[in-house]
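Breakdown of the fold
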Amino acid sequence: MADKQKTIGVLTSGGDAPGMNAAVRAVVRAAIKKGMRVIGIKRGYNGLINGDMVEMNMRSVSDIIQRGGTVLYTARCLEFKEEAGVLKAKETCIKTGIDGLVVIGGDGSFRGAADLSRHGIPCVGIPGTIDNDISCTDYTVGYDTAMNTAMEMIDKVRDTSQSHDRCSVVEVMGRRAGYIALNTGIACGATCILVPELEYKIEEVIEKIKTARKLGKQNFIILVAEGVGGVNEIAKQIEEATGIESRATILGHVQRGGNPTVRDRVAASQLAYRAVELLDGGIGNRVVGFQKDEVVDFDIQEALSMKKEFPIDLYNIANDISF
Ligand code: ADP
Ligand code: F6P
C-alpha cells in the first residue's frame, strides 16, 4: 500500500510582522513541491481550536510575498494556553489529518507549539516578530522592515525638530527589547538611546544634551524603547532642565506594517524551507533560526531557555558618536 500523503498546517500567531506572508508562501510552496498537502489555519491557534482553515495550493500564496501583515490573520488565543484548548487543537489535527504544523510567531507561540508537540503533533516554530527578541536566533522575520520604517519616520521627525531647534523624544516599539531602539538610534543619530535592558538616569540624558549643545548641536533626538516608556515625562524634564523646546512622539503600530524588505523576504523563505524539511523528516518540537547567517534549529525547550546578550559594544559606539 502506498504511504499516506503527508499533510501539514501553517499558522501565524501573536503580533504580526512584515515577512510573515513570505514565510507562509515558502511553507506552502516547499511542502507542495515535496509532495505534501498544506492547510492554512486562520487566526493562530484559534483556527486549530475552531476548525477555521483552508486548503492551500501553489496559487493561494501568489502575490503575497511583498505584502505586510498576514493573509492567515493572527491572534492571541487565550484558550490555547489551557490544556483543554491544546487537546481540542489536537483533535482538529487528527480529524483533518494534519500530521505536522509550522507556527510563525514569537516565544509565546513556541510555548504553544511545544505543548502540541508533546501531544503528538510535531510542530516547528519560525521566529516572526519585529522586536528581534527571540534568544535562539540572531534574527527574527520583520525586524529589518520595522527598523527601516522607524528610521524613515524618525528622519521626518528630525526635519521638523531641526527647523525649530527642538529636542524630539521618540518612542519605538519593543516592550522587552531595545534592539529596534539601538539600531534606529544609531541610524538616525540619536543623542541618547534608552532601552529596557539598561538602567538610565534622566540627569545623564540632560547632561549629554547640554554637552552636545556646548559643542554646537542645536537639535536632538532622544530614542526611547517602548519598554522604557514615559516619553512625555522625559520631554518635559528635558525642556525644564535645558530650556530646549521638547516634543514627544510615539511611532506605534506603523512599525508593524508595510512591505517587507529584501532581508525579511529572504530570511522568511530560508527559515520556512528548513521548517518544512524538518516536518518532512517527521521531526517536530523544533524552532528554526539564524546563527551567524547559518540556518539552524533547536529543541523548543532549549530555545526558550536561551539568553540573548544585549549588544553593549554597539551601544557604547552609539554613545561615543552621538555628540
Ligand atoms: P508571541 O508568540 O508573539 O510571543 P504571545 O505571547 O501573545 O505572542 O503568544 C501567542 C499565542 O501563543 C498565545 O495567544 C497563545 O495562544 C499561545 N501561547 C502563549 N503562551 C503560551 C503558553 N505558555 N502555553 C501555550 N500556549 C501559549
Ligand atoms: O512584539 C511586537 C510588538 O509590536 C511589541 O513591540 C509591542 O509591545 C507589542 O507587539 C504590541 O502588541 P499589540 O499592540 O498587538 O498588543
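Residues numbered from 1 in each chain as written. Chains lettered and ligands numbered in written order. Predicted model: local features only at pLDDT ≥ 70, side-chain atom pairs only at ≥ 80, totals over all residues. Heavy atoms only, no water.

1. Considering the domain arrangement of the protein
Threshold: Either an automatic procedure or a domain database provided the assignment from which the domain bounds are taken. Simply put, the buried area is the total loss of 1.4 Å probe accessible area from both parts when two parts are fitted together. Salt bridge, as used here: a side-chain nitrogen of Lys or Arg that lies within 4 Å of a carboxyl oxygen of Asp or Glu.
Each assigned domain of the protein is listed with its residue range as follows: domain 1 (7-142 + 260-305) and domain 2 (144-256). Taking the mean C-alpha position of each, domain 1 and domain 2 sit 35 Å from one another. Together, the buried faces of domain 1 and domain 2 total about 1100 Å²; carbon and sulfur atoms form 49% of this surface. Among the residues domain 1 hides against domain 2, the three largest losses belong to Ile130, Asp131 and Asp133. Together they make up 41% of the total. At the junction of domain 1 with domain 2, the criterion picks out 2 salt bridges. Asp16 is paired through a salt bridge with Arg256; the nearest N and O atoms lie 2.7 Å apart.

2. Here we look at the site of ligand 1
What counts here: Each residue is tested against the molecule or strand, and it is near if at least one of its non-hydrogen atoms lies within 4 Å. Under this definition, polar contacts are N or O atom pairs within 3.5 Å; protein pairs additionally need one hydrogen-donor-capable and one acceptor-capable atom, and for neighbouring residues in sequence, both atoms have to be side-chain atoms. The accessible surface values rely on the Shrake-Rupley method and a 1.4 Å probe; as for residues, cover is taken only from the protein chains in view. Going along the chain from the N terminus, every DSSP run of H or I of four or more residues is numbered as a helix, and every run of E of two or more is numbered as a strand. Residues are grouped as follows: nonpolar covers Ala, Val, Leu, Ile, Met, Phe, Trp, Tyr, Cys and Pro; charged covers Asp, Glu, Lys and Arg; every other residue, Gly included, is treated as polar.
Around ligand 1 sit 15 residues in total, of which Arg76, Cys77, Gly106, Gly108 and Ser109 are the nearest. Interatomic distance of 2.6 Å between a backbone N/O atom of Cys77 and an oxygen atom of ligand 1. Between ligand 1 and Ser109, the relevant distance is 2.5 Å, taken from an oxygen atom to a side-chain nitrogen or oxygen of the residue. Summarising the interface, the protein chains cover 81% of the accessible area of ligand 1, which totals 550 Å² for the free molecule. Sorting elements by how many residues they give to the shell around ligand 1 places helix H4 (residues 107-118) first, with 6 residues. Across the shell around ligand 1, the residue classes tally to 3 nonpolar, 7 polar and 5 charged.

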